[in-house]
Amino acid sequence: MSNFQYINVLSRNSIGYINLNRPKVLNALSRSMVREIVNAMEDFDQNDEIKVIIMSGEGRAFAAGADIDEMAEDDPVRFELLNQFKDWDRIALIKKPIIGAVHGFTLGGGFELALCCDILFAAENAQFGFPEIKLGVMPGAGGTQRLTKLMGKTKALEWLWLGEPMSAKEALHYGVVNRLVAPEILLEETVRFAEKIAMQPPLSLRLIKEAVQKAVDYSLYEGMQFERKNFYLLFSSQDQKEGMKAFIEKRKPNFEGK
Ligand code: CO8
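Residues numbered from 1 in each chain as written. Predicted model: local features only at pLDDT ≥ 70, side-chain atom pairs only at ≥ 80, totals over all residues. Heavy atoms only, no water.

All right, on to the confidence of the model for the protein then. Caution is warranted with low-pLDDT regions, since their predicted coordinates should not be read in detail. With 99% of its residues at a pLDDT of 70 or more, the protein has an overall mean of 97. What the predictor reports for the complex is a pTM of 0.97 with an ipTM of 0.98. (pLDDT = per-residue confidence, 0-100.)

If you want it as structure tokens, here you go:
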């Protein structure tokens, strides 16, 4: 496991934890910090002991956006040369489930990072928003795309144009988050869910994730062709043999991820 400066990383009971750890600046996402987050995700993705990844934030916020101090003097050529969004694109290639446990300010790039998660648990005090418009810019790490695909064009435009935060309740209402929980039990509830997922056959988990990701981009016909191939593929796994044999023998399956 790499050494990290801006995040805390821990693995326990098949779960890999990433805790954003720049609380003094509300976990503002510097480029180095984003790279660390993605490196940690990739480490967990390659680690056979880890089945699920949980991402959370230390202090008052999940993350209050990209680090404004770092980008205030940027220009388009520098952005092009930095190619920082390459790191963001790597998140979409993580095969294991990523569950976000978000609380407090979840703004701008922080909201975009939350939207990169597969499942979101939110504390009742979470506030989601894209305040970029108030800085004279707009989201750049997928915010306009992911929010629109989740909640539809008209509602997404309202939030993106106003730049005002939406409450955790509203986020739940619009399907942006999966569950709302009291702040003091946020991690506990997220872990409980992650532990259930971690019991599932790993190959099914990853091929389902892949197929659902395609549903966002493909036509129904293309998506169904893709789904079918993944369905077929699972019949070459030992876990399929074990799962169906266990059903017939009326016992619990023992999945090994092969
Ligand atoms: N960048 C840098 N520093 C920040 C950020 C940020 N995004 N957010 C907060 N901080 C710092 C503050 O400057 C302050 O530092 P200091 O103590 O040294 O003055 C510290 O965190 C605490 O913040 P506040 O004192 O402001 O705390 P408040 O409780 O008064 O206010 C707010 C909290 C409302 C969240 C306020 O801090 C705020 O408005 N923050 C900025 C929110 C914002 O505009 N986010 C969007 C940023 S732009 C963006 O995300 C573009 C994404 C592009 C792609 C992604 C690339 C990574």
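Judged by side-chain polarity, F231, Y232, F235 and M244 come together as a nonpolar surface patch covering roughly 430 Å² of accessible area. Structurally, F231 can be placed in helix α11 (residues 220–234). (Patch = residues over 30% accessible without salt bridge, like charges linked within 9 Å, V, L, I, M, F, W, Y side chains within 5 Å. Areas by Shrake-Rupley, 256 points an atom, 1.4 Å probe, with all protein chains shown as cover. Salt bridge = Lys/Arg side-chain N within 4 Å of Asp/Glu carboxyl O. Helix = DSSP H or I, 4+ residues; strand = E, 2+ residues; numbered from the N terminus.)

Further remarks concern the site of the ligand. Close to the ligand lie 24 residues, the nearest being R60, A64, A66, I68 and G109. I68 has a polar backbone atom sitting 2.9 Å from a nitrogen atom of the ligand. Those elements that provide at least two residues to the shell around the ligand are α2 (68–71), α4 (85–91), β6 (105–107) and α5 (109–115). Taken together, the residues of the shell around the ligand break down into 14 nonpolar, five polar and five charged. (Near = heavy atom within 4 Å. Polar contact = N/O pair within 3.5 Å; in protein donor to acceptor, adjacent residues only side chain to side chain. Nonpolar A, V, L, I, M, F, W, Y, C, P; charged D, E, K, R; others polar.)

Moving on: the packing of helix α10 (residues 202–217) against α11. Where α10 contacts α11, the two axes come as close as 9 Å, and the packing angle between them is 175°. Taken together, the axes of α10 and α11 are roughly antiparallel relative to one another. Together, L203, S204, L207, E210, A211 and K214 of α10 and F226, N230, L233 and L234 of α11 make up the contact between the two elements. A class-by-class count of the residues in the contact of α10 with α11 yields six nonpolar, two polar and two charged. (Axes fitted to C-alpha atoms, helices over the stretch in contact; angles between N-to-C directions. Parallel < 35°, antiparallel > 145°, perpendicular 65-115°, else oblique. Contact = heavy atoms within 4.5 Å.)

On to the pattern of salt bridges. One pass over the full model with this rule turns up 15 salt bridges. For K245, the salt bridge identified is with E249, shortest N-O distance 3.6 Å. What you see here is one network of salt bridges that share partners, running through R31, E70, D74 and R78.

Looking now at the packing of aromatic side chains. What the rule picks out here adds up to seven aromatic pairs. Here W159 and Y174 contribute two aromatic rings whose centre-to-centre distance is 5.5 Å and whose plane-to-plane angle is 80°, an arrangement assigned as edge-to-face. Here W159, found in helix α7 (residues 153–162), pairs with Y174, found in the loop between α8 (168–173) and β10 (179–181); they are 15 residues apart in sequence, far enough to count as distant. For W159, a relative accessible area of 7% gives the class buried. (Phe/Tyr/Trp six-rings, centres within 6.5 Å; stacked < 30°, edge-to-face > 60°. Buried < 20%, exposed > 50% of the residue type's maximum accessible area, 1.4 Å probe, protein only.)

This paragraph deals with the state of the cysteines. All chains considered together, the criterion is met by zero disulfides. Here C116 is not disulfide-linked; the sulfur of C117 is the nearest cysteine sulfur, at 7.1 Å. A relative accessible area of 13% places C116 in the buried class. Taking the relative accessible area as the measure of exposure, C117 reaches 10% and is therefore buried. (Disulfide = S-S within 2.5 Å.)

Here we have four strands laid out as an open sheet, ordered β4-β6-β8-β9, and mixed in their pairing. Strands at the two margins of the open sheet, each flanked by one partner only, are β4 (61–63) and β9 (166–167). As paired strands, β6 and strand β8 (residues 127–129) are joined by three bridges and run parallel to one another. Paired with T106 across the two strands is F128, which belongs to β8. (Pairing = 2+ DSSP bridges.)

With that settled, the discussion passes to the nonpolar core. Judged by nonpolar contacts, the single largest core of 44 residues is most densely connected at L20, F128 and L147. Of all the elements, helix α1 (residues 31–46) adds the most residues to this core, at seven residues. Counting residues in each nonpolar core, the second largest holds 16 residues, with V52, A101, V191 and A198 among its members. (Core = buried A, V, L, I, M, F, W, Y, C linked by side-chain atoms within 4.5 Å.)

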